[in-house]
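Per-entry structural report
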Amino acid sequence: MTNDDYSSALTRRRFLRAVLAGSALVGAGALLNSCGAPSAGTSAPATANTTPLKIGLLVPSSDIYAVLGASITQGMQIAFAQVGNEAGGRPIEIISEDEGTKPDLALQKARKLVEQDQVALVAGVVSSGVANALRDYFHDGQKLLVLANAGANALARKAKSPYIFRASFSNWQSNWQMGTWAAANIGKRAMLSAPDYAAGKEMLSAFRNSFEAAGGEVVQVQLTPFPNIGDPAPFMAQIRDAAADFVYAFYSGAASVAFVKAYSDFGLAQTVPLAGVGFLVEQDVLPQLASAALNIRSALHWAAPLDNPENKAFTTAYQKLTNQQPNVFAVQGYDAARLIIEGVNAVQGDVSQQDILLKALGAATFASPRGPFKLDPNTNNPINPCYVREVRQAGSAYTNVVIAMLEAAGDPGDDSKDTPVA
Ligand code: BEZ
């Protein structure tokens, strides 16, 4: 299967046809209400606004991150269904737009959701490039944005905003912890590879800084075309020629399928171990990668086999809804929706009480499938656990087994721990 086939086949098969139109949500509610639900919130006062609460959902339904967008959507669907598809006494109505991968086009979609559809808030956003492009529009306009993936570091640092919350991670997280761990456990000479855009550069930079501080040496940094790598052969030849102890990489979605398969097809998997940040071998791509992903070690704030009640209930609900294993993007969609529910309940559906809403979002804590969920008040970014995982085969399936737990961390909140990778 080519990259494009992968995106479009999964888009067709897995992206919910109704994409959370109101009626689809009600149907899902009947299906999913049995799963460890949070409270439905406070009952509305006599004068309550019971008109639908419009939420703009901006996630990719096209290009290399289409499956990430579908997974976030499905995770949100589960959280909203658990509270009867209402928050603060108002029925939830989702209006979806395709984020794609181009920041200027995604900004137009966000403007349409806010100005034309008059949504109360926008949620989603997969790409760091898009998140950076949206920042001024939401900050200057004092509009609420709840990120369900995009890790752009600046949004927890010099471009942080009281109107932007993140339910996912910053690009620094996991990569920084993995740099120290890799120097002690994988090798001392690393080659780095990632797509040439904000997330790729920031993740490699975080890894490089802690890896070098732990005595590691980066022999080469490879930045490949984004969104599509194109012909991987020249990049595989570069890796072979670098003769590093191991390669550390960030790719995700269809880009991960292209990179990891090429790595195996060129015979590199046998000679130069591949490691990375967990998106590289997340559950969304393991069925396509199969044995090409075996033994790859990666770090992330979630792993499929986590043995906690929330993860078990979420996994059951996700399998019921999709017939698939959940992945980290679905978990982040679920947590983003739970954050929104907490905030809207706190103002009993009156989202014009923005000060109270923002405070409630910042203070929200709940048990997430990843572990306890809590935002750092300095950054509006979660303090995340960090799991080192290794891909192993279990029967006919492949999964990320946890082999070490590293220090939980929030984003540092400034660039002092980072120097640019390239
Ligand atoms: C990002 O652009 O921030 C990103 C995209 C896919 C996976 C992880 C991060």
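For the structure, check the block above.
One structure accompanies this document, and this report is about it. The structure displayed is predicted, hence computed values, not measured ones.

Some words on the overall build of the protein chain
- Along the backbone of the protein chain there are 13 helices and 16 strands.
- Of the contacts formed within the protein chain by residues at least 6 apart in sequence, a portion of 73% connects residues at least 24 apart.
- Total accessible area on the protein chain stands at roughly 15200 Å², and carbon and sulfur atoms take up 51% of it.

Focus on helix α7 (residues 198-213)
- In a regular helix each residue adds 1.5 Å, so 16 residues correspond to 22 Å; α7 covers 23 Å between its end C-alpha atoms and thus fits that length.
- Taken together, the buried positions of α7 are occupied by Ala199, Gly200, Glu202, Met203, Leu204, Ser205, Ala206, Phe207, Asn209, Ser210 and Phe211.
- Check the buried side of α7 and you find it contacts α5 (128-141), α6 (175-185), β7 (189-195), β8 (217-224), β9 (246-249) and β10 (274-277).
- At the exit of α7 stands Gly215, carrying a positive phi of roughly 95°.

Description of the site of the ligand
- Contacts to the ligand come from 16 residues, most closely from Val126, Ser127, Ser128, Gly151 and Tyr197.
- Within the contact set of the ligand, an oxygen atom lies 3.0 Å away from a backbone nitrogen or oxygen of Gly151.
- A distance of 2.5 Å is found between an oxygen atom of the ligand and a side-chain nitrogen or oxygen belonging to Tyr197.
- Surface burial for the ligand is 100%, taken as the share of its 260 Å² of free accessible area covered by protein chains.
- The residue inventory of the shell around the ligand, partitioned by class, reads 10 nonpolar, six polar and no charged.
- Each of two domains, domain 1 (3-170 + 307-382) and domain 2 (175-300 + 384-409), supplies a minimum of three residues to the shell around the ligand.

A few points about the packing of aromatic side chains
- Per the counting criterion, the structure on display carries 16 aromatic pairs.
- Taking 5.7 Å as the distance between ring centres and 80° as the angle between the ring planes, the aromatic pair formed by Phe211 and Phe246 counts as edge-to-face. Of this pair, Phe211 sits in helix α7 while Phe246 sits in strand β9; the two residues are 35 residues apart in sequence, bridging distant segments of the chain. Per residue, the accessibility class of Phe211 equals that of Phe246, and both read buried.
- Members of the aromatic cluster, joined through ring pairs, are Phe169, Phe250, Phe279 and Phe329.

Looking at the sheet that holds β10
- Across the sheet, seven strands lie side by side as β8-β7-β9-β10-β11-β15-β16; this open sheet has mixed pairing. At either margin of the open sheet sits one strand with a lone partner, and together these are β8 and β16 (397-409). Strand-to-strand, the axes of this sheet are offset by a mean angle of 20°, without reference to chain direction.
- Across three bridges, the pairing between β9 and β10 is parallel. Bridging across to β10, Ala249 finds its partner in Gly276.

Some words on the environment of Ala198
- Along the chain, Ala198 turns up in helix α7.
- Ala198 gets classed as partly exposed once you look at its relative accessible area, which sits at 21%.
- Residues Ala198 and Gly129 lie 69 residues apart in sequence; the distance between their C-alpha atoms is 5.9 Å.

As for the pairing of strand β3 (residues 90-98)
- Direction of pairing for strand β1 (residues 53-59) relative to β3: parallel, over a ladder of seven bridges. Bridging across to β3, Gly56 finds its partner in Ile95.
- Where strand β2 (residues 86-87) lies against β3, two bridges are found, and the strand directions are antiparallel. Among the inter-strand pairings, Ala87 is bridged to a residue of β3, identified as Arg90.
- Connecting the antiparallel pair β2 and β3 is a turn made up of two residues, with Gly88 showing a positive phi of about 55°.

Points about unusual backbone geometry
- A cis amide bond links Phe226 to the next residue, Pro227, at an omega of 5°.
- Locating Pro227 in the fold gives a position in the loop between β8 and α8 (233-242).
- Phi angles above zero are rare outside glycine, and Ser174 is one such case at about 70°.
- Here Ser174 shows up in the loop between β6 (164-166) and α6.
- With relative accessibility at 4%, the residue Ser174 sits in the buried group.

The rules we used
Residues numbered from 1 in each chain as written. Predicted model: local features only at pLDDT ≥ 70, side-chain atom pairs only at ≥ 80, totals over all residues. Heavy atoms only, no water. Helix = DSSP H or I, 4+ residues; strand = E, 2+ residues; numbered from the N terminus. Contact = heavy atoms within 4.5 Å. Areas by Shrake-Rupley, 256 points an atom, 1.4 Å probe, with all protein chains shown as cover. Expected span 1.5 Å × (residues − 1). Buried < 20%, exposed > 50% of the residue type's maximum accessible area, 1.4 Å probe, protein only. Near = heavy atom within 4 Å. Polar contact = N/O pair within 3.5 Å; in protein donor to acceptor, adjacent residues only side chain to side chain. Nonpolar A, V, L, I, M, F, W, Y, C, P; charged D, E, K, R; others polar. Domains from an automatic or database assignment. Phe/Tyr/Trp six-rings, centres within 6.5 Å; stacked < 30°, edge-to-face > 60°. Pairing = 2+ DSSP bridges. Axes fitted to C-alpha atoms, helices over the stretch in contact; angles between N-to-C directions.

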